[in-house]
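Listed below are the residues making up each chain.
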Amino acid sequence: DVKVTQSSRYLVKRTGEKVFLECVQDMDHENMFWYRQDPGLGLRLIYFSYDVKMKEKGDIPEGYSVSREKKERFSLILESASTNQTSMYLCASSLSPPRGTYNEQFFGPGTRLTVL
Amino acid sequence: AQRVTQPEKLLSVFKGAPVELKCNYSYSGSPELFWYVQYSRQRLQLLLRHISRESIKGFTADLNKGETSFHLKKPFAQEEDSAMYYCALSGRGTASKLTFGTGTRLQVTL
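## A short note on the sheet that holds strand 3 (residues 19-21) of chain B
Residue and element names in this part refer to chain B. Strand order in the open sheet formed by three strands is 3-8-7, with antiparallel pairing between adjacent strands. Both edges of this open sheet fall to strand 3 and strand 7 (60-61), since each of them pairs with a single strand only. Two elements, strand 7 and strand 8 (residues 72-74), share two bridges in a ladder whose sense is antiparallel. Counted as the bridge partner of Thr60 is Lys73 from strand 8.

## Focus: the nonpolar core
The biggest cluster of nonpolar side chains holds 24 residues, and the ones touching the most others in it are Trp35, Leu47, Leu48, Phe70, Leu72 and Tyr85 of chain B. If you list the elements that add at least two residues to this core, you get strand 2 (10-14), strand 3, strand 5 (31-38), strand 6 (45-49), strand 9 (83-91) and strand 11 (104-109) of chain B. Looking at this core, the element that brings in the most residues is strand 9 of chain B, giving four residues. Membership of the second largest hydrophobic core comes to 20 residues, among which are Leu21, Phe74, Ala81 and Leu113 of chain A.

## With respect to the pairing of strand 11 (residues 111-115) of chain A
Residues and elements named next belong to chain A. Side-chain alternation along strand 11 places Thr111, Leu113 and Val115 on a buried face and Arg112 and Thr114 on a face that remains uncovered. Where strand 2 (residues 10-13) meets strand 11, four bridges bridge the pair, whose relative direction is parallel. Looking at the pairing, Tyr10 lines up with Arg112 of strand 11.

Rules behind the numbers
Residues numbered from 1 in each chain as written. Chains lettered and ligands numbered in written order. Predicted model: local features only at pLDDT ≥ 70, side-chain atom pairs only at ≥ 80, totals over all residues. Heavy atoms only, no water. Pairing = 2+ DSSP bridges. Helix = DSSP H or I, 4+ residues; strand = E, 2+ residues; numbered from the N terminus. Core = buried A, V, L, I, M, F, W, Y, C linked by side-chain atoms within 4.5 Å. Buried < 20%, exposed > 50% of the residue type's maximum accessible area, 1.4 Å probe, protein only.

Function cannot be read off these values alone, since they describe shape.
Right, here's the structure in full:
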């Protein structure tokens, strides 16, 4: 059973703080993703990674960076948190074809981040 | 650019009534279409994909390339169908990257 875990379920930070959100998957997936989920806006892709040390910008990368030093771990970094980054953050992972079912992403439980 | 549109934020139906969640897309090539579902206090998970042409939990979805639609349907709604539903698209050759719609909350009432 695929397991994607996120380091915190709830997080409260202050404006200007550096914030780290961690995601770990235990199924040897090549691809990992960070989304933010906002009411009325759906899921928006922040960054993704196809391999270790590889990253690509998604649709809304501004204000964020990522790190993938190991295959199983993908970190999202808010360099200087702002109130408009208050959101639910979802991590996901997937296998690449032909090993995996095409495009099925497995999601973590989410981290609800509040920036005061 | 690829885009997914879900025109309804909330769809409320009675138990036993038919359900149709609308999804329209724009993409210049041949897309892969998916429905993901998030039940209360659960993770987002894949419900079905068009390429499998399957029925999951009584739900079906047909890709209509002429109307660029991928509506999700179920003939008789159940209380346990209440959830948030997201339509998603991937372009062929863009392995694994998905574009999601804004989601529709389905509320099934007695």
